[in-house]
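Structural overview
Take a look at the letters that make up each chain.
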Amino acid sequence: MSLYVDIKKSFSDFELSVKLEAEDEIVALLGASGCGKSITLKCIAGIVKPDFGKIVINDDVVFDSEKRINKPPQQRKVGFSFQNYALFPIMTVWHNIASVINMPKKDKEILVAETIRALHLEETRNLYPSQLSGGQQQRVALARIIVSKPKIVMLDEPFSALDTHLRASMERELMSHLEGFQGTTLLVSHDRDEAYRISDKMAIMDQGSVGIVGSKEEIFADPKTVAAASITGCKNISKAEKLGDERIRALDWGIEVHLEKLHTLKVDFVGIRANHIEILAEKKDFEEGYNYYQAIVVKVVEEPFKRIVYLRMAPDAEKTLTAEVDKTLQISAGQEVKIRILKRRMICLLQ
Amino acid sequence: MDFSPFFVSIRVAILATFITFFLGVFSANFVYKLKRGKGMIDSIFTLPMILPPTVVGFFLLLIFGRNGLIGGLLHQIGVQIVFTWYGAVVASTVVAFPLMYRTTRGAFEQVDQNIIHAAETLGFSRSKIFWRIKVPMAKSGILAGTVLAFARALGEFGATIMLAGNIPGRTQTMAIAVFSAASANNRELAFTWVVILSLISFGTIVMMNRLSDSNKNNKKRRKDFG
């Protein structure tokens, strides 16, 4: 096993409680801002000390409250990429990388030169961090981590400081540089798309605790909790009441929903992803496996490549349903439409 | 005219600044890293700046006098602090120390915590972090503190006259010479020392502003480039 974390820490305003295991894979910690993701990384790195628990990195116990083990960050061999990259502003790119290496001068120079070449930093070698673009700063931070030979790599919101148009390319670049890394990579993000693209496994964090850990496909298909559903981008969530084995009532929308099968004994909420709602432009024959509804279009919002349609399902409904449709579909507010949703797309959720 | 007060002053101020520099930087780092009792220790370290210099001088007399804690020990090895120019150095050091300490601590606190943490995770030892990261990053603050401490040491009067006295040619600094000349009704001599002291003080402040300006310009140039 590569990483084992089971820690607790009390703060004045919230409680951190993290249980996490990871092999040599990329794990994304996904959660809203302020849910304790960064603190978790800092605990693993040894910057913040948990109150209780145990942290093991590659069979090396770096923290154990019972045995009073608390190794300093220097001995944990954790490669930590900070949100603002935390480069040394008083050193050039070359020195930022070289200062990490403890080797004879000649070997050091060779290693720095190699790393600088691998990360395409040749032109910036004599510049200071404040003279670099966001992408270059990130590559220097990565170079520093690579030469420090870490056992695990932790990336705290690695792309949040970059311009939107740069993110996609930096994301691909960063991951290609990390490809050869044998060990756990922990990525903190609040962007579900980014987390989905990069990671193998996901952990959903909500209010200081890790709720669910699983493969990303699993979590997106069946998020299980309201927090996980909303962080994975489920736009429609309603309070639910169980009517029968395969029937529940969505109280906020004022509709009855049929399920393919009820997979949890208890259902507190029901969710529908916006892209799973199909607005039927023309009359279509009835097909098995769908829920059919009549709805009123309340509002239509134009986005560059899609339309967001807000639907009222019942006259006394508390909340509208949000649907994402193709630009080709002509639709306007006030219109009455027929919609259908696949039964197996309905998400049953617990509180 | 006897120029000895000038040389006594410069010698005392330079030595006092030298000692204060190291004491100040290390105390600043010590208090900066403290988790508990920060406020209390900070108050004690700042006290010499707030107390009337004569009060500081009185305390120093108690400590460094022949029956004092340190004075007694030093007396046994034949070193006398009271009424010697060492006394002037001690007094100036103590009075200048809070300026050095506070300015440096402020500069340390300005350093981005993440940079320190990054250095830790990259395996930098504590002393490497201190010498290669913290001190260079706080450089302008440390320089400003040094200049302020020098100016304060140069102008020190109250504590010095209590501890070192007013012995022409030995412990009489420029600041004390102004007082001596004025009380002896030698207005001309007093005026000469006043002008010299004012010029040196003014020069120090100009130098400090230059230092902080050039630092800002450096930063600005780097920003513009990016």
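Figured I'd write up the structure that's included with this text. On a predicted model such as this, the values are computed, not experimentally measured, just so you know.

The rules behind these values
- Residues numbered from 1 in each chain as written.
- Chains lettered and ligands numbered in written order.
- Predicted model: local features only at pLDDT ≥ 70, side-chain atom pairs only at ≥ 80, totals over all residues.
- Heavy atoms only, no water.
- Axes fitted to C-alpha atoms, helices over the stretch in contact; angles between N-to-C directions.
- Helix = DSSP H or I, 4+ residues; strand = E, 2+ residues; numbered from the N terminus.
- Parallel < 35°, antiparallel > 145°, perpendicular 65-115°, else oblique.
- Left-handed = near helix turned anticlockwise from the far one by under 90°.
- Contact = heavy atoms within 4.5 Å.
- Nonpolar A, V, L, I, M, F, W, Y, C, P; charged D, E, K, R; others polar.
- Buried < 20%, exposed > 50% of the residue type's maximum accessible area, 1.4 Å probe, protein only.
- Core = buried A, V, L, I, M, F, W, Y, C linked by side-chain atoms within 4.5 Å.
- Pairing = 2+ DSSP bridges.
- Buried area = accessible area lost by both parts, 1.4 Å probe.
- Salt bridge = Lys/Arg side-chain N within 4 Å of Asp/Glu carboxyl O.
- Polar contact = N/O pair within 3.5 Å; in protein donor to acceptor, adjacent residues only side chain to side chain.

1. Some thoughts on the packing of helix H1 (residues 4-33) of chain B against helix H8 (residues 139-155) of chain B
All names here are of chain B. Across the interface, H1 lies against H8 with an axial gap of 9 Å and an inter-helix angle of 140°. Taken together, the axes of H1 and H8 lie oblique to each other. In this structure, H1 crosses over H8, and the sense of that crossing is right-handed. Within the contact between the two elements, H1 uses Ser 9, Ile 10, Ala 13, Ile 14, Ala 16, Thr 17, Thr 20, Phe 21 and Val 25 and H8 uses Ile 142, Thr 146, Ala 149, Phe 150, Ala 153 and Leu 154. By residue class, the composition of the contact of H1 with H8 is 11 nonpolar, 4 polar and no charged.

2. Observations concerning helix H10 (residues 174-183) of chain B
All names here are of chain B. The buried fraction of H10 amounts to 7 of the 10 residues, a majority that puts the element mostly inside the structure. Among the residues of H10, Met 174, Ala 175, Ile 176, Ala 177, Val 178, Ser 180 and Ala 181 are the ones counted as buried. The positive-phi residue at the C-terminal boundary of H10 is Asn 185, with phi of around 65°.

3. Some remarks on the nonpolar core
Core analysis: the biggest nonpolar cluster contains 114 residues, and Ile 44 and Met 154 of chain A together with Phe 108 of chain B have the highest contact counts within it. If you look at the next biggest cluster of nonpolar residues, it comprises 28 residues, including Ala 250, Trp 253, Leu 321 and Met 346 of chain A.

4. Here's the deal with the pairing of strand E17 (residues 290-302) of chain A
All names here are of chain A. Pairing of E17 with strand E20 (residues 336-342), which is carried by 7 bridges, proceeds in the antiparallel orientation. Looking at E20, one finds that Gln 294 is bridged to Lys 338. Bridge count between E17 and strand E18 (residues 307-312): 6 bridges; the pairing is antiparallel. From the neighbouring strand, Ile 296 faces E18, where its bridge partner is Arg 312. In this antiparallel pair of consecutive strands, E17 and E18, the connection spans 4 residues.

5. Looking at the interface of chain A and chain B
In this assembly, 25 residues from chain A lie in contact with 23 residues from chain B. Interface area, chain A with chain B, both sides summed: about 2000 Å², of which 64% is carbon and sulfur. Together, Gln 74, Phe 88 and Ile 90 of chain A form the three largest contributors to the area buried by chain A at its contact with chain B, with a combined 25%. Our enumeration of links across chain A and chain B arrives at 0 salt bridges. Where chain A packs against chain B, one counts 4 residue pairs in polar contact (both at pLDDT 80 or more). Classifying every residue of the side of chain A that touches chain B by side-chain character gives 16 nonpolar, 7 polar and 2 charged.

The values reported here are purely geometric and, on their own, carry no functional implication.
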